[in-house]
2 protein chains.
Amino acid sequence: MTYKLTYFDVKGRAEIIRFLFSYMNVDFEDRRIEREQWPSIKPTTPFGQLPLLEIDGKELNQSLSISRYLAKKAGLAGKDEWESLLIDIAVDNINEMRQVIINYFHEKNEDIKSKQIITIVNETIPFYVERFEKIISENDGYFVNGKLSWSDLYFVSILDTIQHVTKVDLIEGHPHLTLLKQRVLAVPQIKSWIAKRPNPVY
Amino acid sequence: MTYKLTYFDVKGRAEIIRFLFSYMNVDFEDRRIEREQWPSIKPTTPFGQLPLLEIDGKELNQSLSISRYLAKKAGLAGKDEWESLLIDIAVDNINEMRQVIINYFHEKNEDIKSKQIITIVNETIPFYVERFEKIISENDGYFVNGKLSWSDLYFVSILDTIQHVTKVDLIEGHPHLTLLKQRVLAVPQIKSWIAKRPNPVY
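These lines cover the structure that appears in this document, whether it is placed above or below. The shown structure was predicted, so the numbers you read here are calculated from the model rather than taken from an experiment.

1. Quick look at the pairing of strand 1 (residues 3–8) of chain B
All names here are of chain B.
At step 1: Most of strand 1 sits inside the fold, with five of its six residues counted as buried.
At step 2: The pairing of strand 1 with strand 3 (residues 52–55) spans four bridges and is antiparallel. Bridge pairing in strand 3 places Lys4 opposite Glu54.
At step 3: The pairing of strand 1 with strand 2 (residues 29–33) spans five bridges and is classified as parallel. Within strand 2, the residue paired with Tyr7 across the bridge is Arg32.

2. Points about the interface of chain A and chain B
At step 1: Taken together, the contact between chain A and chain B spans 33 residues of the former and 33 residues of the latter.
At step 2: Summing both sides of the interface, chain A and chain B together bury roughly 2900 Å²; the carbon and sulfur share of this comes to 59%.
At step 3: If you look at where chain A meets chain B, you find 21 residue pairs in polar contact (both at pLDDT 80 or more).
At step 4: Of all elements in the fold, only strand 4 (58–60), helix 3 (63–74), helix 4 (81–106) and helix 5 (110–138) of chain A reach the threshold of two or more residues within the side of chain A that touches chain B.

3. Some words on the relation of the copies chain A and chain B
A rotation about an axis combined with a shift along that same axis relates the two copies of the chain.
At step 1: Rotating chain A by 180 degrees about the axis while translating it 0.0 Å along that axis superimposes it on chain B, leaving an RMSD of 0.0 Å. Each copy turns onto its partner about a two-fold axis.
At step 2: Both copies contact each other with a shared surface, as 100% of the interface residues of chain A are interface residues in chain B too.

4. With respect to the pattern of salt bridges
All names here are of chain B.
At step 1: Counted according to the given criterion, the structure contains 28 salt bridges over all chains.
At step 2: As a salt-bridge pair, Lys79 and Asp80 come within 3.7 Å of each other at their nearest N and O atoms.
At step 3: Put simply, Asp160 and Arg197 hold a salt bridge, and the shortest N to O gap is 3.8 Å. With a gap of 37 residues between them, Asp160 in helix 7 (residues 159–166) and Arg197 in the segment after helix 9 (188–196) connect regions that are remote in the sequence.
At step 4: By relative accessible area, which is 25% here, Asp160 ends up partly exposed.

5. Considering the sheet that holds strand 2 of chain B
Either a parallel or an antiparallel arrangement is found when strands of a sheet pair, and the pairing is made through backbone hydrogen bonds.
Residue and element names in this part refer to chain B.
At step 1: Sheet architecture is open: four strands sit in the order 2-1-3-4, paired in mixed fashion. Across the chains shown, the open sheet's two edge strands, defined by having one partner strand only, are strand 2 and strand 4 (58–60). The average undirected angle you get between the axes of adjacent strands in this sheet is 20 degrees.
At step 2: Sitting on the sheet, helix 1 (residues 15–23) is in contact with strand 1, strand 2 and strand 3, with an inclination near 150 degrees to strand 1.

6. Observations regarding unusual backbone geometry
At step 1: Going from A:Leu50 to A:Pro51, the amide bond is cis rather than trans, its omega being 5 degrees.
At step 2: Looking at the element boundaries, A:Pro51 is found in the loop between helix 2 (38–41) and strand 3 (52–55).
At step 3: The backbone of B:Asp56 shows a phi angle near 45 degrees, a positive value even though the residue is not glycine.
At step 4: As for its placement among the helices and strands, B:Asp56 is situated in the loop between strand 3 and strand 4.
At step 5: Owing to a relative accessible area of 48%, B:Asp56 belongs among the partly exposed residues under this scheme.
At step 6: Even without glycine at this site, B:Gln62 takes up a positive phi of about 75 degrees.
At step 7: Note on placement: B:Gln62 falls in the loop between strand 4 and helix 3 (63–74).

7. Re the side chain of A:Thr161
At step 1: Along the chain, A:Thr161 turns up in helix 7 (residues 159–166).
At step 2: In this structure A:Thr161 touches A:Lys11, A:Gly12, A:Ile102 and A:Tyr202, once residues within four positions along its chain are discounted.

8. With respect to empty space enclosed by the protein
Over the atoms rolls a probe the size of a water molecule, and in doing so it shows where empty space is left.
At step 1: As enumerated under the stated definition, the model contains three cavities of 30 Å³ or more in all.
At step 2: The calculated volume of the largest cavity comes to roughly 70 Å³.
At step 3: What lines the largest cavity is A:Glu96, B:Arg13, B:Gln49, B:Leu50, B:Pro51, B:Asn61, B:Gln62 and B:Ser63.
At step 4: Computed from the structure, the second largest cavity encloses a volume of approximately 60 Å³.

Reading guide: rules and limits
Residues numbered from 1 in each chain as written. Chains lettered and ligands numbered in written order. Predicted model: local features only at pLDDT ≥ 70, side-chain atom pairs only at ≥ 80, totals over all residues. Heavy atoms only, no water. Buried < 20%, exposed > 50% of the residue type's maximum accessible area, 1.4 Å probe, protein only. Helix = DSSP H or I, 4+ residues; strand = E, 2+ residues; numbered from the N terminus. Pairing = 2+ DSSP bridges. Contact = heavy atoms within 4.5 Å. Buried area = accessible area lost by both parts, 1.4 Å probe. Polar contact = N/O pair within 3.5 Å; in protein donor to acceptor, adjacent residues only side chain to side chain. Least-squares fit on C-alpha atoms with pLDDT ≥ 70 in both. Salt bridge = Lys/Arg side-chain N within 4 Å of Asp/Glu carboxyl O. Axes fitted to C-alpha atoms, helices over the stretch in contact; angles between N-to-C directions. 1 Å grid on protein atoms, 1.4 Å probe; cavity = no way out; pocket = protein on both sides within 12 Å on 5 of 7 lines; lining within 4 Å. Points joined across faces, edges and corners; volume = space filled by probe spheres on them.

In structure tokens:
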């Protein structure tokens, strides 16, 4: 199989895919396009969006669907249907918070934007992060059933992007989330990926 | 197993779950709360949202994660990991369009709202619907691999809500989508559910 991942030179939605390939020690082409290239590439993509993964030339969009597929191969998608369900729910909850933040990031109207960031910092982030902290405290240090799953990798993969956009470090003041990040970053394949990856600020 | 689904008395995000239970001929409690009850129920939910499914008392949120779990049991989630991936991508693409429309529905500012609906009707909906129509024309009448999957059920389950919010009937002028809707509604268990369900306008 050949894998070609196309995205911008940022972590964003693609970093979970890069984490999963790295976790499996699977080679992939990590194509990072310039913003100026995007207008000419956009119309050639299935739904006008990146990331895009080509598997043996077949083009796939939707980063979380792609990640779930890779996570199954990596053994990070649950031992049975019930565990997979709990992992999917964790991912969707994390993604829901991320989406609110990314909608703010893309908002063009400065008046709306300045109101949104106040709500995000004072309400949205605390709401989700308190719940995540509690879930991890009740699940022996991971999002689901006391063991590493792609929901843990996904959470850690978006931290830099969220901090860049909101200036909030999600794990600060949250001991269980802090430990989770340390644990994920200590996984040898992830550690090695982070040591060698291109490292844009977000 | 006992299943209790809590949602408002609308189709919205819960109808795909109701479709899947019906498809499997599995009994579930279809609890529909009044809007006035919501403020007192909201703080008791895991992430302040509905729908909520209780399986033997265990509370689960995130309708698409729940639907994927049920779809596996129903045999509608793909015959292998690759097919499951294609189905997940179809669902996420449909959901992305739905989310733009629902964000508009929840927008409070009338100026913003009146601009958004123009973009949705003239750009967002045509963009997605043309792609869906093409996908179905290339996959023998279904979203994935020429056979019924939960992506087909999901698409049909949200049509009434989208029409209520945008006044656009997504399938109009799209023969393949029109046939898809007819096919899904002709599945005996779905037909029987629709004949007996409570039928709010959206």
